[in-house]
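Examining the three-dimensional arrangement
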Amino acid sequence: APKMDKIIVADNIQRRFGGLTAVDVEHFEVQRNAITALIGPNGAGKSTFFNLLTGFDRPQTGEWSFNGFSLHSKSPAQVARSGMVRTFQLTKALSRMTVIENMRLGAANQVGENLARAFFPALWKKQEQEITEKAEELLVRFKLDKKRDDYAGELSGGQRKLLEMARALMSDPEIVMLDEPMAGVNPALTESLLDHIIELKNQGVTVLFVEHDMHMVRRISDWVVVMAEGKIIAEGPPGTVMANPAVQDAYLGA
Ligand code: ADP
Ligand code: MG
């Protein structure tokens, strides 16, 4: 692979909410097949930036591309189909669905569900089987297979995080964006989550994640990008970035 192989490139992205500029990113890029951490104090604009990149929210200005193709004005479903997927926290509605139903939902965007159902019933049936098989394989990989038919709401905090990650993989993404994958996870599952993220990279999946746990960031990131008050204030390898006084200030100031 080329040395500077960028999977995401974004320029001049601004998102304002009334008088507040939540995101004001001049330039941002993600290296293919690397693990990139996006860090910064609460309210820095990290989740908003994820929403913008994946089509769930619209910036006032800016351009960004994925694999060289513009994602500007693409819908979340179009973004997901192109190979870029973000994880979702288990909402109330998803909690009332079973684990396997949650997994199947992760594939819904991919198959053009309604079209297939209406016009290609045989094809739909085959796809349904394939989706279930794939979901079951992933559940084994994430050690959730025994929870297959439990309500997702009954899972522990760590198991929910595993489900969120497994669900995102249902659409065979090229890049997975994880928003605080370790939040609310007990230490026993932390290592397992770290291993899953490293395994993604080993399988050729690019990972971009938001995380507060600096221990985790240091251990698995190839590159760290720091946001504060909507702007990128520093980036580099983990050791360099964390030794940066401006980065330490941004955290202490929060
Ligand atoms: P982070 O994920 O880094 O903690 P967020 O992206 O969630 O930060 O929020 C960045 C800023 O934008 C915060 O000040 C937040 O209150 C504000 N914000 C986020 N979403 C909205 C919204 N839909 N309406 C108004 N303000 C918002
Ligand atoms: Mg956030």
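These numbers come from a predicted model, not from an experiment.

**Describing the overall build of the chain**
Each helix and strand in the chain was counted, giving 11 helices and 10 strands. Rg of the C-alpha trace for the chain: 18 Å, near the compact-globule value of 18 Å for 254 residues, within the 12% margin. When its C-alpha atoms are laid out on the principal axes, the chain stretches across 60 × 40 × 40 Å. Every one of the 254 residues in the chain was classed for burial, and the buried ones make up 37%.

**Let's talk about the site of ligand 1**
Every residue close to ligand 1 is listed here: Phe17, Leu20, Ala22, Gly40, Asn42, Gly43, Ala44, Gly45, Lys46, Ser47 and Thr48. Within the residue set of the shell around ligand 1, elements represented by two or more residues are strand E2 (20-31) and helix H1 (46-53). Looking at the shell around ligand 1 residue by residue, the class counts come to four nonpolar, six polar and one charged.

**Considerations on the sheet that holds E2**
Read from one edge to the other, the open sheet built from four strands follows the order E2-E1-E4-E5, with strand pairing classed as antiparallel. Among the strands making up the open sheet, the edge pair consists of E2 and strand E5 (69-70). Here 10 bridges tie strand E1 (residues 6-17) to E2, and the two strands are oriented antiparallel to one another. Bridge pairing links isoleucine 13 to valine 25 in E2.

**A closer look at the nonpolar core**
Buried together is how nonpolar side chains tend to be arranged in soluble globular proteins. In this structure, Leu38, Leu138, Leu139, Ala166, Val176, Val207 and Val226 are the most contacted members of the largest nonpolar core, which totals 65 residues. For valine 176, the residues in contact, after removing those within four places along its chain, are Val85, Ala168, Leu200, Val205 and Val207.

**Some details on the sheet that holds strand E3 (residues 35-39)**
Taken in spatial order, the six strands make up an open sheet running E6-E7-E8-E3-E9-E10, and their pairing is mixed. Among the strands making up the open sheet, the edge pair consists of strand E6 (84-86) and strand E10 (231-236). Adjacent strand axes in the sheet meet at a mean angle of 15°, parallel and antiparallel pairs treated alike. Judged from the five bridges that link them, strand E9 (residues 223-228) and E10 form a sheet pairing that is antiparallel. The residue bridging alanine 228 from the neighbouring strand is lysine 231, located in E10. Contacts between helix H8 (residues 187-202) and the sheet are confined to E3, strand E7 (175-179) and strand E8 (206-210), with E8 contributing the most and set at about 145° to the helix.

**Some words on the environment of glutamate 199**
Inspection of the secondary structure assignment puts glutamate 199 in helix H8. Judged by the 11 C-beta atoms lying within 10 Å of it, glutamate 199 falls in the exposed class. Sequence-wise, glutamate 199 and leucine 90 are 109 residues apart; in three dimensions their C-alpha atoms are separated by 23 Å.

**With respect to the confidence of the model for the chain**
On average, the chain scores 89 in pLDDT, and the residues at 70 or more come to 92%. Of the two predicted TM-score estimates for the complex, the pTM is 0.89 and the ipTM is 0.99.

**Notes on unusual backbone geometry**
Unusually for a residue other than glycine, asparagine 12 sits at a positive phi of about 50°. The topology assignment puts asparagine 12 in strand E1. A positive phi is found at asparagine 33, a non-glycine position, where the angle reads about 65°. Considering the arrangement of structural elements, one finds asparagine 33 in the loop between E2 and E3.

**Quick look at the environment of lysine 201**
Mapped onto the secondary structure, lysine 201 falls in helix H8. According to the C-beta neighbour criterion, lysine 201 is partly exposed, with 16 such atoms within 10 Å. Sequence separation between lysine 201 and asparagine 33 is 168 residues, and the spatial gap between their C-alpha atoms is 6.0 Å. Lysine 201 has contacts with Asn33, Ile35 and Val207, leaving out every residue within four places of it along the chain.

Rules of the game
- Residues numbered from 1 in each chain as written.
- Chains lettered and ligands numbered in written order.
- Predicted model: local features only at pLDDT ≥ 70, side-chain atom pairs only at ≥ 80, totals over all residues.
- Helix = DSSP H or I, 4+ residues; strand = E, 2+ residues; numbered from the N terminus.
- Rg over C-alpha atoms; globule rule 2.2 N^0.38 Å.
- Buried ≥ 20, exposed ≤ 12 C-beta atoms within 10 Å, placed from the backbone.
- Near = placed C-beta within 6 Å.
- Nonpolar A, V, L, I, M, F, W, Y, C, P; charged D, E, K, R; others polar.
- Pairing = 2+ DSSP bridges.
- Core = buried A, V, L, I, M, F, W, Y, C linked by C-beta atoms within 7 Å.
- Contact = placed C-beta atoms within 7 Å.
- Axes fitted to C-alpha atoms, helices over the stretch in contact; angles between N-to-C directions.
- pLDDT = per-residue confidence, 0-100.

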